[in-house]
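For reference, the chains in residue letters:
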Amino acid sequence: MPIEDRDDAYLITHALAKDTLLRLRDVETEQVAFRKGLVKLGRICGYEVIDGVMETEYVTVQTPLTETTGERVKGLDDVVIINVLRAATPFVEGLLKAFPRAKQGVISAGRDEDAGMDEEGEFPITVDYVKLPEITEKDTVIVADPMLATGSTMCAVLDHVLESTEADPADLFVLSAVSAPDGLLRVGDQFPEADLLTVSIDDHLDDDGYIVPGLGDAGDRAFRTK
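Bear in mind the structure is a predicted one, so any value in this text is a computation, not a measurement.

(A) Molecular detail of the UniProt feature "binding site: 5-phospho-alpha-D-ribose 1-diphosphate" (unreviewed entry) in the protein chain. UniProt's entry tags Arg86, Arg111, Asp145, Pro146, Met147, Leu148, Ala149, Thr150, Gly151, Ser152, Thr153 and Asp217 with the feature "binding site: 5-phospho-alpha-D-ribose 1-diphosphate" (unreviewed entry), counted in the numbering of this structure. Along the chain, Thr150 falls in the loop between strand S9 (147-148) and helix H4 (152-163). Residues in contact with Thr150, not counting those within four places in the same chain, are Arg111, Met117, Gly121, Phe123, Asp182, Gly183, Arg186, Leu205 and Gly209. As for its placement among the helices and strands, Asp217 is situated in the loop between strand S13 (211-212) and helix H6 (218-223). What makes Asp217 partly exposed here is its relative accessible area of 31%. Among the polar contacts made by the side chain of Asp217, one reaches the main-chain amide nitrogen of Gly219 at a distance of 3.0 Å.

(B) Representation of the pattern of salt bridges within the structure. Throughout the structure, instances matching the rule amount to eight salt bridges. Put simply, Asp77 and Arg101 hold a salt bridge, and the shortest N to O gap is 2.3 Å. Of this pair, Asp77 sits in the loop between strand S4 (67-73) and strand S5 (79-85) while Arg101 sits in the loop between helix H3 (88-98) and strand S6 (103-111), and the two are 24 residues apart along the sequence. A residue is classified by how much of its surface remains accessible, and Asp77, at 49% relative accessible area, is partly exposed. A salt bridge links Lys103 to Asp139; the shortest N-O distance between them is 3.2 Å. Within this pair, whereas Lys103 is found in strand S6, its partner Asp139 is found in the loop between strand S7 (125-131) and strand S8 (140-144), the two being separated by 36 residues in sequence. Classification of Asp139 by relative accessible area gives buried; the value is 1%.

(C) Quick look at the packing of helix H1 (residues 15-25) against helix H2 (residues 31-52). Interaxial distance between H1 and H2 falls to 9 Å at its minimum, and their mutual angle equals 160 degrees. Judged by the angle between their axes, H1 and H2 are roughly antiparallel. Our pair here, H1 against H2, has a crossing hand that is left-handed. Judged by residue contacts, Leu16, Ala17, Thr20 and Leu24 of H1 engage Phe34, Gly37, Leu38, Lys40, Leu41 and Ile44 from H2. Residues belonging to the contact of H1 with H2 are distributed by class as follows: seven nonpolar, two polar and one charged.

Calculation rules
- Per chain, residue numbering runs from 1 following the sequence as it is written.
- Given that this is a predicted model, residues contribute local features only at a pLDDT of at least 70 and side-chain atom pairs are listed and counted only at 80 or more, while totals for whole chains, interfaces and linings are drawn from all residues.
- Side-chain calculation: all heavy atoms of the structure are included, whereas hydrogens and water are not.
- UniProt positions are given in the numbering used here, feature names are shortened, and annotations may be inferred rather than shown by experiment.
- Going along the chain from the N terminus, every DSSP run of H or I of four or more residues is numbered as a helix, and every run of E of two or more is numbered as a strand.
- Contacts between residues were defined by any pair of non-hydrogen atoms, one from each residue, lying within 4.5 Å.
- Using a 1.4 Å probe on the protein chains alone, a residue whose accessible area is under 20% of its type maximum counts as buried, one over 50% counts as exposed, and one in between counts as partly exposed.
- Any pair of N or O atoms that falls within 3.5 Å is considered a polar contact. Within protein, one atom must be able to donate a hydrogen and the other to accept it, and sequence-neighbouring residues count only if both atoms are side-chain atoms.
- A pair is scored as a salt bridge if a Lys or Arg side-chain nitrogen falls within 4 Å of a carboxyl oxygen belonging to Asp or Glu.
- Geometry is summarised by axes, namely lines fitted to C-alpha atoms with helices restricted to the contacting stretch, and by angles between N-to-C directions that run from 0 to 180 degrees.
- For classification, angles of less than 35 degrees are called roughly parallel, those exceeding 145 degrees roughly antiparallel, those between 65 and 115 degrees roughly perpendicular, and all remaining angles oblique.
- Note: crossing handedness is left-handed where the near helix turns anticlockwise from the far helix by less than a right angle, and right-handed where it turns clockwise.
- Here the nonpolar group is Ala, Val, Leu, Ile, Met, Phe, Trp, Tyr, Cys and Pro; Asp, Glu, Lys and Arg are the charged ones; every other residue, Gly included, is treated as polar.

Dropping the structure here:
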């Protein structure tokens, strides 16, 4: 199966997803290739969500020769993608290739690195900007961030997403490239209504809250800010 249930999360196991992730992990992968890799991985993940989660319906069409029946994916017009700035930007670019008609929202959220993790393994989170579309009970909402580490940022983002809507979406997904077990547990405990999707569940967090083996700082690598 392309999506496997691993108790704390659903794992995207597509061979190209795993191949692309390995290239992203490589310290020798430079900025342009890293950004393109995130775009590619987002596209693959989007197709896997369509194939593994979304329903189809039978419809009739007229070909140049005759009438025939086939399957069409339901709900492609009812997708909302939330971009957690900034590292998710190329990741979301790839998702939009799978969901070109999706509504888009952005949330600028980041952890206070200087403050460090508290005793509970969480960081204080600063949210600078929120712009979200209307979310309805028909929508499939995908909150995308390449890295789910402590889960602190994602929990803050989900708070804003769910507070912004009067109706519960049909489906709520948290999508990441790599995740740490601690973060998956935190988000899963605080938001049981969200399905967690990831390409890899990594080993652990280091003392600074970075995922090991991880990708390094995905934002810095994608935007060459360090």
